[in-house]
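# A structural walkthrough
Now for the letters of each chain:
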Amino acid sequence: MARRRDSFTPSLLNAPEVRTALVATIAPLAPIDQTFSYLVPEPLGAALRPGMRVEIPFGRKERRAVGFCIAVSRQAWDSTLKELYGLVDERPVLSERLLELGRWVSRYYGAHLGRTLDLMVPAAAKRRAGRRRVRYVRLPESVSGDQNAGREGRAIRAGQQAILDALRARDGPVRFDELCAAAGCKPATIGTLAKKGLVEIETRWEAAAPEQPAVVRHEPPFELNDDQRAAIEQIGAAVSARQFSVHVLFGVTGSGKTEVYVAAIRGALAQGRQAILLVPEIALTTQTAQRLAARFDRVAMLHSGLSEVQRSRAWAAIEGGAVQVVIGTRSAVFAPCSNLGVIIVDEEAEPSYKNQQSPRFHTRDVAITRGHLESLPVVLGSAAPSLETWHNALTRRHYHLIRLPHRVRGLAMPSVHLVDMRDEHHARRGVHMLSRAMEWHLNRVLERGEQAVLLLNRRGYASYLCCRRCNTAVCCPHCSVRMVFHTTTGLAHCHYCHEKLSVPARCPTVACEGNLVRFGIGVQRVEEEVSQKFPGARVRRMDSDAMKSPADYAETLGAFERKEFDILIGTQMVAKGLDFPFVSFVGVVSADTALALNDFRAEERTFQLVLQVAGRSGRGDVGGHVVVQTFAADTAAVQHAVEGDYEGFATVELARRKKLRLPPFTRLMRLVLSDPKVTRLQKAGAALVQALRDLFTRHGIIARLTEPAPAPISRLRDLYRYDVQAYFPTAEAMLKGIEVMKSEGLLRAGVKSLVVDVDPVSLQ
Ligand code: ADP
Ligand code: ZN
């Protein structure tokens, strides 16, 4: 390693001084998850600030690498430190507060610090994409008006004079193109003036303002009800107090939660602060987002449907304070608002809030931490809060529970009717996807010119293909899951690795060659059956196969709102957040899809889905009916959902979780090991669990570890998967566990990949 030659020769006559130097702490983006200290060369000292990216010599070969500066301080001279090469950014891409948030995310989720920081800022925003060079013209400062006039007298043409007049009429620089237009001159004329030194031209980099969502502006004609007012008062007081607190807005579907969000945002804006509204999935919540966007002037949307340039512009406008309200999905929780007043998490229980790549953060929990770091209130809205949030609301001091127990305008909750499909099959010949009750309601809806929503949470046509003779199902060649038959492509699809195969004519098992039959139903099959049974009905399907872009959702939902079709059939995406006044019937074709999950949250998911989709019904004046079809009519989740009884469900389910020592009574960290070789996985898994047991014992960390076992999806994209679960009694114990695992290098297990998933939302 080349040490820096010391050019400083201490004088023997002077008392020995302690030499100091600027030292930067850097988190590199390279795979090694550690921070390193570097000397800052004097000329860079003034410019370098935490949150900037720098170039550093890295590794034995001192290759150029990029890292985030997380701190700069003056320290005693240490000649063993290397000097950093230079700065990547002119300004910090992360504020100090966001740096702190990033450090928490990396620590809590066991994620690589440098990469976490890097992922918090969109690539395009780091490049400052979409910025344009804009030229400005101004009068030189050194030349006084009189002198100018004298010089002009000599050699100035009328066109040039017009430019100078136009400039003098304005205060300060004028955009080049604007000036041309104002003075009615050619660009060359300004160039001539610049050569003469009579004007100066300067170039600035500017971002165009972010596009505003296309919306119809309307103020609601109603008065807030008492419950809404009480909620607004409580949240408003918290916003004014500028103190950290969490407000769980538990409001039944159609109780007008959006108005409460609007008021909370207004409260923040009135104090000159900004607001972030997080939505689970932009496609699912286009309607809510647009409705909110319509209520505020300077709104930016942040979601995956944006182009690089759009994203970068939005980012710059938020950073510069030009945007007041940010509406977005997961990554919007890192929006660079410098003066935030409130964060709202709509539908906080949605699993899509969990990032499924490292850093595997939960948006809601990052929002709460950001609220804590920046001393501001966080609002969590839901008709069926996650049991984690509910448990916190009941037990934690800084949590406040706000109820909106009634629908607005005194509208009734929809009446829900449960159909036990076992009885239905006994009572009726043939295979029917739609029960008699469901058919009766659909007929009525069509007769009255109302609208209906049908939900089946399964994509495709038939959920699997199976051999009649040997009972083998057709599985994905790369994953241990059944392939789903799609009529749209005529192919068998893997919903995990996206492989598509032509459907074999006969059973692929060697020497069997039995007939293959389609089993199970998917949403495409429902669409087919509805079209056959109700030939006059206008039917459209909404699932991720039919919807290719966010524009498709907007189009379909818009058409439904305009009553251009009668029945909307879809997967879970039809369940969320939609508000259509003419929907008088909602049918859940099967409430059981989530119950089949191998996951301790299966009941919770089932409950949420049924409650949510039922909530789409009867939101206008036409009244609402719901039919829920199930083969599991006796489960608590289905029964409570049918009664719309969240608290009843939460009580039963929390008691079960407590007994089994499951979250929220414990903290779960899931480790998934994958490798092309099963034997290596088995060995590595056993060694990992043993090492973890020793480590935790040595550090006095209490944890319950499961034995390594094949994951429910035991093979994915040609890799076998093993699963280890660690349950900790508290978050502190888990944090300490992650810390020691990191420091002892246990996050590498000698297999192809080891994923650490803290607070996982899926155990597949
Ligand atoms: P939630 O999110 O709680 O399901 P929304 O906020 O979508 O409910 O509100 C449902 C509908 O009721 C919306 O169309 C909204 O404009 C309307 N609304 C909200 N508050 C009131 C009120 N106080 N009186 C009448 N209508 C209201
Ligand atoms: Zn696959």
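The structure this text deals with has already been given above.
A brief look at the structure comes next. Because the structure is a prediction, the values reported are computed rather than measured.

Those donors, Cys476 (SG), Cys479 (SG), Cys494 (SG) and Cys497 (SG), are the protein atoms that reach the zinc ion (ligand 2), and they lie 2.3 to 2.4 Å from it. Every donor counted, the 4 donor atoms about the zinc ion (ligand 2) form angles of 107 to 113 degrees at the centre, which fits tetrahedral coordination. For the zinc ion (ligand 2), the donor residues sit on a single chain with the sequence spacing C-x2-C-x14-C-x2-C. Pair noted here: Cys476 is in the loop between strand E18 (464-467) and strand E19 (484-486) and Cys497 is in the loop between strand E20 (491-493) and strand E21 (500-502), with a separation of 21 residues, a long-range link.

Below, the discussion takes up helix H18 (residues 550-561). In a regular helix each residue adds 1.5 Å, so 12 residues correspond to 16 Å; H18 covers 17 Å between its end C-alpha atoms and thus fits that length. All buried positions along H18 are accounted for by Tyr553, Thr556, Leu557, Gly558, Ala559 and Phe560. Lys563 lies just past H18 and shows a positive phi near 60 degrees.

This part takes up the environment of Arg49. Among the structural elements, Arg49 can be located in the loop between helix H1 (42-45) and strand E3 (53-58). Placed 139 residues apart in sequence, Arg49 and Ala188 show a C-alpha to C-alpha distance of 41 Å. Leaving out residues up to four positions away in the same chain, Arg49 has contacts with Cys69, Glu90 and Pro92.

Moving on, we come to the pattern of salt bridges. All chains considered together, the criterion is met by 43 salt bridges. For Glu388, the salt bridge is made with Arg601, and the minimal N-O distance between the two is 2.9 Å. One end of the pair, Glu388, is in helix H14 (residues 387-395); the other, Arg601, is in the loop between strand E25 (583-588) and helix H19 (602-614), and 213 residues separate them in sequence. In this structure, Arg428 and Glu439 form a salt bridge, with 3.1 Å as the shortest nitrogen-oxygen distance. Remark: Glu439 occurs in helix H16 (residues 436-448) and Arg428 occurs in the loop between helix H15 (421-427) and H16; sequence separation between them is 11 residues.

Read across the sheet, 6 strands follow the order E16-E26-E25-E17-E24-E23 without closing on themselves; strand pairing throughout is parallel. Every interior strand has two partners, whereas the edge strands, strand E16 (415-420) and strand E23 (539-542), have only one. Strand-to-strand twist of the sheet, defined as the mean angle between neighbouring strand axes without regard to direction, takes the value 15 degrees. Bridging between E16 and strand E26 (residues 625-630) involves 6 bridges; their strand directions are parallel. Counterpart to His417 in the pairing with E26 is Val627. Along the sheet, H18 makes contact with strand E17 (451-455), E23, strand E24 (567-570) and E25, crossing E23 at roughly 145 degrees. Packing of H19 onto the sheet brings it into contact with E16, E17, E25 and E26, and relative to E25 it is tilted by some 160 degrees.

Definitions and cut-offs
Residues numbered from 1 in each chain as written. Chains lettered and ligands numbered in written order. Predicted model: local features only at pLDDT ≥ 70, side-chain atom pairs only at ≥ 80, totals over all residues. Heavy atoms only, no water. Donors = N, O, S within 2.8 Å, 3.2 Å for Na, K, Ca; no water. Tetrahedral: all angles 85-135°; square planar, octahedral: opposite > 155°, others 65-115°. Helix = DSSP H or I, 4+ residues; strand = E, 2+ residues; numbered from the N terminus. Expected span 1.5 Å × (residues − 1). Buried < 20%, exposed > 50% of the residue type's maximum accessible area, 1.4 Å probe, protein only. Contact = heavy atoms within 4.5 Å. Salt bridge = Lys/Arg side-chain N within 4 Å of Asp/Glu carboxyl O. Pairing = 2+ DSSP bridges. Axes fitted to C-alpha atoms, helices over the stretch in contact; angles between N-to-C directions.

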